[in-house]
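# Architecture at a glance
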Amino acid sequence: MTPLTSLPGGDDLPEVVTIGVSVSVPDPYGSAIQDARAGYGDPLARSIPTHVTLLPPTEVAAAELPKIEEHLAAVARTHRSFRMLLRGSGTFRPVSPVVFVRVEEGAQECRLLEADIRSGPLARELAFPYHPHVTVVHGLSEDVLDQAYEQSRGFRAAFAVPGFGLSRFDADEVWRPWRSYTFG
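Keep in mind the model is a prediction, meaning the values are calculated, not measured.

## Side note on the sheet that holds strand E3 (residues 82-91)
- In space, the four strands of this open sheet follow the order E5-E4-E3-E6, with antiparallel pairing throughout. Edge strands, defined here as strands with exactly one partner in the open sheet, are strand E5 (133-138) and strand E6 (156-161). Geometrically, the sheet is characterised by an average inter-axis angle of 30° between neighbouring strands, direction not taken into account.
- Here E3 pairs with E6 via six bridges, running antiparallel. Residue pairing in the sheet places Arg87 in a bridge with Arg156 of E6.
- Against the sheet, helix H1 (residues 29-39) makes contact with strand E4 (98-105), E5 and E6, and its axis sits at roughly 20° relative to E5, the strand it touches most.

## Some details on the pairing of E3
- The buried fraction of E3 is high, at seven of 10 residues.
- Where E3 and E4 come together, five bridges link them in antiparallel fashion. In the strand pairing of E4, Leu85 is matched with Glu105.
- Linking E3 back to E4 in an antiparallel pair, the connection comprises six residues.

## So, the sheet that holds strand E7 (residues 163-169)
- Spatially, four strands are ordered E2-E1-E7-E8 in an open sheet, and the strand pairing comes out antiparallel. Two strands lie at the open edges of the sheet, namely strand E2 (51-61) and strand E8 (175-182), each paired on one side alone. On average, adjacent strands in this sheet sit at an angle of 25° to one another, irrespective of strand direction.
- Both strand E1 (residues 16-24) and E2 contribute to a ladder of eight bridges, which runs antiparallel. Paired with Val16 across the two strands is Ala61, which belongs to E2.

## Some points on the nonpolar core
- The biggest cluster of nonpolar side chains holds 45 residues, and the ones touching the most others in it are Ile19, Met84, Leu86 and Phe164.
- Per-element accounting of this core gives the leading share, five residues, to helix H2 (residues 65-77).
- Apart from residues lying up to four places away in sequence, Met84 is in contact with Val23, Val52, Val103, Glu105, Cys110, Ala157, Ala158, Phe159 and Val161.

## Describing the side chain of Thr58
- For Thr58, the location among the structural elements is in strand E2.
- Note on Thr58: relative accessible area 10%, which makes it buried.
- A distance of 2.7 Å separates a polar atom in the side chain of Thr58 from a polar atom in the side chain of Arg124.
- The residues touching Thr58, leaving out its near neighbours within four places in the chain, are Val17, Thr18, Ile19 and Arg124.

## Side note on helix H3 (residues 107-117)
- Within H3, burial applies to Ala107, Cys110, Leu113, Glu114 and Ile117. Down the axis of H3, the buried set is contained in an arc of 120°. They therefore lie on one face.
- Buried residues in H3 make contact with E1, E2, H2, E3, E4 and E7.

## Concerning helix H4 (residues 142-152)
- For H4, the set of buried residues is Val144, Leu145, Ala148 and Ser152. Around the axis of H4, the buried residues are gathered within 100° of arc, so they sit on the same side.
- Here the buried face of H4 lies against E3, E4 and E5.

## Some remarks on the layout of surface pockets
- One number sums up the size of the second largest pocket: a volume of about 160 Å³.
- Along the walls of the second largest pocket sit 11 residues, with Pro14, Val17, Phe169, Asp170 and Ala171 positioned nearest its centre.
- Contributions of two or more residues to the lining of the second largest pocket are made by E1 and E7.
- Grouping the constituent residues of the lining of the second largest pocket by class yields seven nonpolar, one polar and three charged.

How each quantity is defined
Within any chain, residue numbers begin from 1 and follow the written order of that chain's sequence. Restriction of local features to residues with pLDDT of at least 70 applies here, the model being predicted, together with a cutoff of 80 or more for giving and counting side-chain atom pairs; totals for whole chains, interfaces and linings are based on all residues. No hydrogens and no water enter the side-chain calculation; it runs on all heavy atoms of the structure. For two strands to pair, DSSP has to find at least two bridges joining them. Only DSSP runs of H or I covering at least 4 residues are called helices, and only runs of E covering at least 2 are called strands; the numbering of each starts at the N terminus. Between N-to-C directions, angles span 0 to 180 degrees; the directions come from axes that are lines fitted to C-alpha atoms, helices contributing only their stretch in contact. The contact criterion used throughout is that any non-hydrogen atoms of two residues lie within 4.5 Å. Throughout, exposure labels follow a simple rule: accessible area from a 1.4 Å probe, protein chains only, divided by the maximum for the residue type, with under 20% read as buried, over 50% as exposed, and the rest as partly exposed. Grouping buried Ala, Val, Leu, Ile, Met, Phe, Trp, Tyr and Cys residues that are joined through side-chain atoms within 4.5 Å yields what is termed a nonpolar core. As used in this structure description, the phrase polar contact means that two N or O atoms lie within 3.5 Å; if the pair is within protein, one of them must be able to donate a hydrogen and the other to accept it, and residues adjacent in sequence are counted only when both atoms belong to side chains. It is the directions from the helix axis to the C-beta atoms whose arc is reported. Buriedness for pockets is judged along seven lines, at least five of which must meet protein on both sides within 12 Å for an open set on the 1 Å grid over protein atoms alone, while cavities are sets there where a 1.4 Å probe fits but cannot get out, and lining residues have an atom within 4 Å of a point. Grid points are joined across faces, edges and corners, and a volume is the space filled by probe spheres set on the points. Each residue is assigned to one class: nonpolar for Ala, Val, Leu, Ile, Met, Phe, Trp, Tyr, Cys and Pro, charged for Asp, Glu, Lys and Arg, and polar for all the others, Gly among them.

Set out below in C-alpha cells:
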C-alpha cells in the first residue's frame, strides 16, 4: 500500500492536507442525489461524492497521516456492517441553508462511528452537534431550498454499509476518495 504521505504516482503531499471521513452512498442512489444537486444549480454538486459525513473537513499535518490511518483502521475493526435507510427530506434552516435526505436507519451506528473516529489523532470540536444526513442542496436561494425540500420528500434508498472511506480535498477543490476501511 502506498503510504499516505505520498499521492498515487509518488508525488509528495503538501505539509497540511484537508481530509474527511464518510460513508459513501452507492449508485444508483448516490448519482441520483448528485444529479438532483446539479439540477438545483449547486456548484459543488460534481466536486463532492454523495456521502454521510463521519468527520467533517479537517486540516491535518501530512506527517500525521500514518497515525491517522492506523486510528481509522482500528476504528473500522471494532464496528460491524449495518443497514442504512435514507428516506424523506430535512433541513437545518434557519441555522444553516441546507436541505438533506434523512438517515432513518443507521443513524445510531453513524453516531457511534463518528464519536470513535473523532477521537485520538482526529479529536476536534464541532461547530454544530453531529447529525447524520445526506446533503441535497447547500447555500442556495430560499426558493431552491424549498423546491429541493419538497422534491426530496419521496426519496428512499436502502443499502448495506460495509465500511467507510477517507477522502482528501485537492488543490482543484474536488473531494477524492483516498482510502477505504472495511468493518470487522
